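Geometric and topological summary
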Amino acid sequence: MISGTTTQVSQKTIETFFHAVKNSGPKLIYAIIFLIVGLYGCKWLKRYSKKIILKYNIERGVANFASYAIYGSSVLMVIMTCLDIINFPVQSFMTVMVSLIGVIGLSLGLAFKEILSNLGAGMIILFFQPFKTGDYIGGSGVEGTVDDIQIFSTILKTPDNKAIIVPNFKLTSDNIINYTHQEKRRIDFSFSVAYDTNIKVVKDVLAKIFKEDKRILRDPEPIIGLNTLGENAMQIVARPWVKTDDYWSVYFDVMEKVKSKFDENNIEIPFPSRVIYYKNCDEDIKK
């Protein structure tokens, strides 16, 4: 019943539209010109509004959301104005649009559910800000630097410059790890040394490396200690704190210095050893 009524309204609206076009005369040309210029103006307005919003130090994701809303509203206004130029009854257009949306909503309910979920999740991300552009995050099985927060999805860039487009709902429905949210981060080092190694010497070497590196923070102080006694080696852990921006540069530099200092102090890093037993095949053959 609803579908039949909607079809009748749609047919009537289409007939009214073609009738308006047929009788518009020169107004049709004006409407087409206004449409082309208007759509171009909408794109310009979108870019310009985003620049204006960003000048007030507003999160780029919020600026994107606002600029898309402005763009969509302005496009709708352009279309309505074009219809008014050719004397098309705008009320009929709105009626058929509402009817079509209702039909599409019934037939594509699942698809719209996902779209609305992503839209709602996008608003949660923008206004509660579990992360922002420039943060390095992990979630939904992927990780990378947040390059852009859009209405329906978030774009991440991996360290090797791959773009990952993640639906917003997947991010908000899972745990999010924000690696750059805090100003300070702890680096967890773990070094295996031979059992005949003097633990004090190892701790002194590591402490000296940390003291000489000005990027390593003094508060909180680095933690250095014996963690486990394994089958083939002792495990020494070292946990210095650094500014988040210095994390990887300090990590790589310290690893190189540790290898060099361990060699200078004859601190052995043992290889894993395995004992393999071979069964006497000759005895099995005789039997």
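Under an unreviewed UniProt entry, the protein chain has the name Mechanosensitive ion channel protein and belongs to Paraclostridium benzoelyticum. The protein chain has a UniProt comment under Sequence similarities (unreviewed entry) that states "Belongs to the MscS (TC 1.A.23) family." UniProt's Subcellular location (unreviewed entry) comment on the protein chain is quoted here verbatim: "Cell membrane".

**A few points about unusual backbone geometry**
In this structure, the amide linkage connecting D219 to the following residue, P220, adopts the cis form with an omega of 0°. Phi at N266 is positive, roughly 55°, even though this residue is not glycine. Mapping N266 onto the fold places it in the loop between helix 8 (247-264) and helix 9 (281-286). Judged by its relative accessible area of 70%, N266 falls in the exposed class.

**A short note on the side chain of N178**
Inspection of the secondary structure puts N178 in strand 5 (residues 176-178). Of the polar contacts made by the side chain of N178, one reaches the backbone oxygen of P130; its length is 3.1 Å. Within polar-contact distance, the side chain of N178 engages the backbone nitrogen of H181 at 3.1 Å.

**Considering the nonpolar core**
Within the largest apolar cluster, 21 residues are counted, with the highest numbers of intra-cluster contacts made by L206, F210, V254 and F262. Elements with a minimum of two residues in this core: strand 7 (189-193), helix 7 (199-212), strand 9 (234-239) and helix 8. With residues up to four places along the chain from it excluded, the contact list for V254 reads F189, I209, F210, D213 and I216. Of all hydrophobic cores here, the second largest spans twelve residues; its members include V62, I125, L126 and F131.

**Focus: helix 2 (residues 26-54)**
Counted at 1.5 Å a residue, the expected span for helix 2 with its 29 residues is 42 Å, and the 42 Å between its end C-alpha atoms agrees. Taken together, the buried positions of helix 2 are occupied by A31, G38, C42, S49 and I53.

Analysis parameters
Residues numbered from 1 in each chain as written. Predicted model: local features only at pLDDT ≥ 70, side-chain atom pairs only at ≥ 80, totals over all residues. Heavy atoms only, no water. UniProt positions renumbered as here; feature names shortened; annotations may be inferred. Helix = DSSP H or I, 4+ residues; strand = E, 2+ residues; numbered from the N terminus. Buried < 20%, exposed > 50% of the residue type's maximum accessible area, 1.4 Å probe, protein only. Polar contact = N/O pair within 3.5 Å; in protein donor to acceptor, adjacent residues only side chain to side chain. Core = buried A, V, L, I, M, F, W, Y, C linked by side-chain atoms within 4.5 Å. Contact = heavy atoms within 4.5 Å. Expected span 1.5 Å × (residues − 1).

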